[in-house]
Amino acid sequence: MDFSGFVSMPVTDGHVHFIHPDSMDAMLAVLDQTGCARANLVCLPNPDGTTGNRTALTFKERHPDRVYLSGALEYGPALANLAHGPEMLARQVLALKAQGFDGLKLIEGKPQVRKLLPYPLDGPLYAELWAMLEQEQFPVVFHVADPDEFWDPASCPDWARRSGWDYTDGSYPTKEALYTEVERILARHPRLKLTFAHFYFLSRDLERAAQFLDAHPTVCFDLAPHVDIYRDFSREPARARDFFLRYQDRLIYGTDLDTRVLQRGETGTQFVLNLAWLMRAILEKDGVFDVPANTNWKNYHGLGLPHAVLRKIYYANFVRMYSTIAPSITC
Ligand SMILES: [Zn+2]
């Protein structure tokens, strides 16, 4: 996959999963091949109560100039002692900072996880955490909701069902219920530095996406693909391009690169390279573009964004979110 035709700048991938320590070299090779200077390793809590934090720290210890770290919360002690749970979660922010983490990753707004951890995001368990995150200006990559299809029996994909993301039985929170929890959090803590993963699952409703960003001036969306936000953008490219120009300070590049995929060997590597190529082509190329011979991509449309806008999306917006002091980057 040839990335030489894309703009050359210190691209930062804001959304990467590093789960397997033995995939460190494979991950670095992908970052190099795709022209990424740095990646934000976003950690997840494990079902057994542990987290992926330690694994991510090993990456930063070996290659401190290549990664940012967004840690996960540990729930075991806080849930075993609910009376002190709120302050125990909040204190983890300070502990993560002391260990060298640059931010937090919250998967807690994904319906599957929100059901497993049945505590409202705007409820008492998280109250002190939000206050601490706002006070410390500690940035968060926040996964809230999921693609609409996962709640729809007629269109929920088989791969989503196999992953436990079939929400059609009524026992999972709805997308609107999750959005309501977020609105209440932001009403109480308007200075939170939140980056909503996967375009906040609003790629089919750019009007609502615009209203949300207008209402909450400190938040961003990342561009990590879900079912197909890029097909959504390609459906109405002129509208999507207008949105990207208008909200150029609020969008952060991210691929969702994942070592679970790299562990599949050559096919996995090819998959992540293809995806990164497609994302960059859509952001950079103008109109219909030639696709690589080994793909059967159809109906994608480039947005042809100007260099100054690409610079913000590829790294300047990320750096602003992850700096406690205002950065001196000229865009
Ligand atoms: Zn992800």
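Model, not experiment: these values are computed from the prediction.

A.B. asks: Let's hear about the overall build of the chain: which residues, and what values?
C.D. replies: Helix and strand counts for the chain stand at 14 helices and 11 strands. For the chain, with 331 residues in total, the buried portion stands at 58%. In the chain, the proportion of contacts linking residues at least 24 apart, taken out of those at least 6 apart, comes to 74%. On the chain, roughly 14200 Å² of surface is accessible, and the fraction owed to carbon and sulfur atoms is 52%. Charged side chains in the chain number 34 positive and 41 negative. The centres of these two groups are separated by 2 Å.

A.B. asks: Please give an account of helix 2 (residues 53-62) that cites residues and values.
C.D. replies: N53, T55, A56, L57, F59 and K60 are the residues of helix 2 that are buried. At its buried positions, helix 2 is contacted by helix 1 (24-33), strand 2 (36-42), strand 3 (67-71) and helix 4 (85-99).

A.B. asks: Would you mind going over the nonpolar core in detail, with residue names and values included?
C.D. replies: One finds F142, F196, F199, F243 and F244 to be the most contacted residues of the largest nonpolar core, which totals 116 residues. A per-element tally of this core places helix 13 (residues 266-284) first, with 9 residues.

A.B. asks: Summarise the sheet that holds strand 1 (residues 11-17); cite the residues concerned and give the values.
C.D. replies: Strands in a sheet are paired, the pairing made by backbone hydrogen bonds, and the direction either parallel or antiparallel. Judged by pairing direction, the sheet is parallel, and its 9 strands sit side by side in the order 8-7-6-5-4-3-2-1-9 without closing on themselves. Of all the strands in the sheet, the pair left with one neighbour each is strand 8 (251-252) and strand 9 (257-258). Both strand 1 and strand 2 contribute to a ladder of 4 bridges, which runs parallel. Residue pairing in the sheet places T12 in a bridge with R38 of strand 2.

A.B. asks: Give a detailed account of the pairing of strand 5 (residues 140-144), specifying residues and quantitative values.
C.D. replies: In terms of burial, strand 5 is a largely internal element, 5 of the 5 residues being buried. Alternating residues of strand 5 divide into V140, F142 and V144 and V141 and H143, and every residue in both groups is buried. Judged from the 4 bridges that link them, strand 4 (residues 103-109) and strand 5 form a sheet pairing that is parallel. Looking at strand 5, one finds that L104 is bridged to V140. Sheet analysis places strand 5 next to strand 6 (residues 194-196), joined by 3 bridges and oriented parallel. The residue of strand 6 that forms the bridge with F142 is F196.

A.B. asks: I'd like to hear about the packing of aromatic side chains, residue by residue, with values.
C.D. replies: If you walk through the whole model with that rule in mind, you get 30 aromatic pairs. Ring geometry for F199 versus F233: centroids 5.1 Å apart, planes at 70°, classification edge-to-face. Here F199, found in the loop between strand 6 and helix 9 (206-215), pairs with F233, found in helix 10 (residues 229-235); they are 34 residues apart in sequence, far enough to count as distant. Side by side, F199 and F233 carry an identical accessibility label, which is buried.

A.B. asks: So what's going on with the confidence of the model for the chain? Which residues, and what values?
C.D. replies: The predicted model of the chain has a mean per-residue pLDDT of 94, with 97% of residues at 70 or higher. Within the model, pLDDT remains below 50 along residues 326-331, and this stretch shows 9 contacts once partners closer than five positions in the same chain are excluded.

A.B. asks: Tell me what's going on with the side chain of H143, and back it up with residues and numbers.
C.D. replies: Inspection of the secondary structure puts H143 in strand 5. For H143, a relative accessible area of 5% puts it in the buried group. Within polar-contact distance, the side chain of H143 engages the side chain of D146 at 3.1 Å. Apart from the residues within four sequence positions on either side, H143 is in contact with K105, L106, I107, E108, G109, K110, A197, H198 and F201.

A.B. asks: Which residues make up the pattern of salt bridges, and what values do they have?
C.D. replies: Scanning the model with the defined rule gives 21 salt bridges in all. Across the salt bridge formed by K110 and D146, the nearest N and O atoms sit 2.8 Å from each other. With a gap of 36 residues between them, K110 in the loop between strand 4 and helix 5 (111-116) and D146 in the loop between strand 5 and helix 7 (158-162) connect regions that are remote in the sequence. As far as the burial class goes, K110 and D146 line up, both buried. The salt bridge involving R239 is made with E236; its shortest N-O contact spans 3.4 Å. Residue class for R239 comes out partly exposed when judged on its relative accessible area of 39%. Using a relative accessible area of 45% as the deciding quantity, one classes E236 as partly exposed. Among the charged side chains, a salt-bridge network with shared partners connects E149, R204, D232 and R235.

Cut-offs applied
- Residues numbered from 1 in each chain as written.
- Predicted model: local features only at pLDDT ≥ 70, side-chain atom pairs only at ≥ 80, totals over all residues.
- Heavy atoms only, no water.
- Helix = DSSP H or I, 4+ residues; strand = E, 2+ residues; numbered from the N terminus.
- Buried < 20%, exposed > 50% of the residue type's maximum accessible area, 1.4 Å probe, protein only.
- Contact = heavy atoms within 4.5 Å.
- Areas by Shrake-Rupley, 256 points an atom, 1.4 Å probe, with all protein chains shown as cover.
- Lys, Arg positive; Asp, Glu negative; His and termini not counted.
- Charge placed at Lys NZ, Arg CZ, Asp CG, Glu CD.
- Core = buried A, V, L, I, M, F, W, Y, C linked by side-chain atoms within 4.5 Å.
- Pairing = 2+ DSSP bridges.
- Phe/Tyr/Trp six-rings, centres within 6.5 Å; stacked < 30°, edge-to-face > 60°.
- pLDDT = per-residue confidence, 0-100.
- Polar contact = N/O pair within 3.5 Å; in protein donor to acceptor, adjacent residues only side chain to side chain.
- Salt bridge = Lys/Arg side-chain N within 4 Å of Asp/Glu carboxyl O.

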